[in-house]
Amino acid sequence: MLLRGMGHNRTFCLTTTTLKTLLTTAKSRLNDPLEAEVLLAHVLGVDRSHLYAHSSDPVDPETATTLHRLIKQRRLGAPIAHLVGHREFYGRPFKVSPDVLIPRPETEGVIDQANALDLSDHAKVLDVGTGSGCIGLTLALEHPGWTVCVSDNSPEALAICQANREFHHLTNVAIHHGDLLEPMHGQTFDLIVANLPYVAPGDPHLTEGDLPAEPQNALVAEHNGLALIERLIDQAPHHLIRPGHLIVEHGHDQQTQIISQLQQHGFSHVTGHADLAGIPRLVVASIWH
Ligand SMILES: C[S@@+](CC[C@H](N)C(=O)[O-])C[C@H]1O[C@@H](n2cnc3c(N)ncnc32)[C@H](O)[C@@H]1O
């Protein structure tokens with residue numbers, strides 16, 4: 001906005017920041033222009049499309065101050081998902097905090113594979129190491145007739161999962177606390193899904209991207225990252241109905257070992273699958289006897 005006046009023979013100018021100028025500045029301060037859009041839309045409580053549809057709207061100084069504070073945090077390494085408080089998974093928002101793993105797009109493959117199993121409308125399903133609940137709660141939303149149990153050994157993660165269960169108004173999900181399948185004593189399921197920690201201690205990837213800001217107990221496992229998956233494969237046959245199914249997400253170099261371990265534990269029809277980037281990412285296994 002430019003105001004011109006001639007009071008006391010002087011011309012005066014007042015400039016107001018617009019959405020467009022604020023967004024341009026924000027983009028110049030971040031590596032990824034999309035992040036500037038996400039942060040500004042978050043501060044304003046609008047969709048990203050609003051930023052362009054209303055680009056000439058004036059912006060109040062508090063909005064600019066809040067945005068610049070978030071940009072500073074982002075430049076210091078805070079994940080975007082922590083700054084906005086949520087992340088989309090399978091087309092739905094999930095609350096996240098530094099207590100849970102930020103849901104990853106590659107994990108959506110677990111949902112695709114579970115859907116492809118064509119289980120009955122009344123299947124009983126368990127998500128082990130649920131974190132934010134993104135896998136288990138998505139399955140419960142996709143299949144309202146399923147009974148879904150989710151479990152984790154982190155009470156802080158389960159508090160986030162509970163908030164997500166409430167946000168999505170789910171009534172077919174039970175939350176359990178404990179080590180792997182221990183809390184499910186005596187219970188059996190048609191399907192167990194798990195995205196457990198699978199990064200080896202000291203793996204250089206742990207210092208990259210969002211990983212330094214995420215909980216180590218959601219990322220790292222002993223035995224080259226395989227300790228928890230191996231324990232799960234050991235326990236799972238005792239908690240599966242026949243026929244029963246197990247879907248496990250894993251690291252890029254772990255598929256062969258996991259398939260062989262599943263076969264040793266009585267699983268058949270074991271198939272390995274890659275993610276959208278072509279990286280081996282999960283296995284689906286069935287047990288019949
Ligand atoms: C890789 S994160 C996955 C979270 C979520 N399932 C997802 O896909 O975004 C692994 C989760 O397993 C949990 N976890 C780690 N060790 C566990 C154990 N021994 N028993 C149960 N859960 C465990 C962590 O707290 C964390 O929430």
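Values in this document were obtained by computation on a predicted structure and should not be read as measured data. (Residues numbered from 1 in each chain as written. Predicted model: local features only at pLDDT ≥ 70, side-chain atom pairs only at ≥ 80, totals over all residues. Heavy atoms only, no water.)

Asker: With reference to specific residues and values, describe the domain arrangement of the protein.
Answerer: Under the domain assignment, the protein is made up of domain 1 (7–76) and domain 2 (89–287). For domain 1 and domain 2, the distance between their C-alpha centres works out to 39 Å. (Domains from an automatic or database assignment.)

Asker: I'd like a rundown of the pairing of strand S9 (residues 280–287), residues and numbers included.
Answerer: The buried count for S9 comes to seven of eight residues, which makes it a mostly enclosed element. Of the strand pairs in this sheet, strand S7 (residues 240–249) and S9 are connected by six bridges, and their pairing is antiparallel. Pairing of Glu 249 across the sheet is with Leu 282, part of S9. Connecting strand S8 (residues 268–274) to the antiparallel partner S9 that follows it, the hairpin turn spans five residues, and Gly 278 within it adopts a positive phi of roughly 85°. (Buried < 20%, exposed > 50% of the residue type's maximum accessible area, 1.4 Å probe, protein only. Helix = DSSP H or I, 4+ residues; strand = E, 2+ residues; numbered from the N terminus. Pairing = 2+ DSSP bridges.)

Asker: So, helix H10 (residues 255–264): which residues are in play, and what are the values?
Answerer: For H10, the set of buried residues is Gln 255, Ile 258, Ile 259, Gln 261 and Leu 262. Viewed end-on, H10 has its buried residues packed into an arc of 165°, placing them on one side of the element. Seen from the buried face of H10, the exposed residues on the opposite side, beyond 90 degrees, are Thr 256 and Gln 264. Looking at the buried side of H10, the elements it contacts are helix H9 (227–235), S7, S8 and S9. One or two positions beyond H10, positive phi appears at Gly 266, with a value near 90°. (Arc of directions from axis to C-beta. Contact = heavy atoms within 4.5 Å.)

Asker: Go over unusual backbone geometry with me, naming the residues and quoting the values.
Answerer: Going from Arg 242 to Pro 243, the amide bond is cis rather than trans, its omega being -10°. Within the secondary structure, Pro 243 sits in strand S7. The phi torsion at His 169 lies on the positive side, around 55°, for a residue other than glycine. Tracing the backbone shows His 169 in the loop between helix H8 (155–167) and strand S5 (173–177). The exposure class of His 169 is exposed, given its relative accessible area of 69%. A positive phi angle is found at Asn 224, which is not glycine, with a value near 60°. For Asn 224, the location among the structural elements is in the loop between strand S6 (189–194) and H9. In this structure Asn 224 comes out as exposed when scored by relative accessible area, which is 62%.

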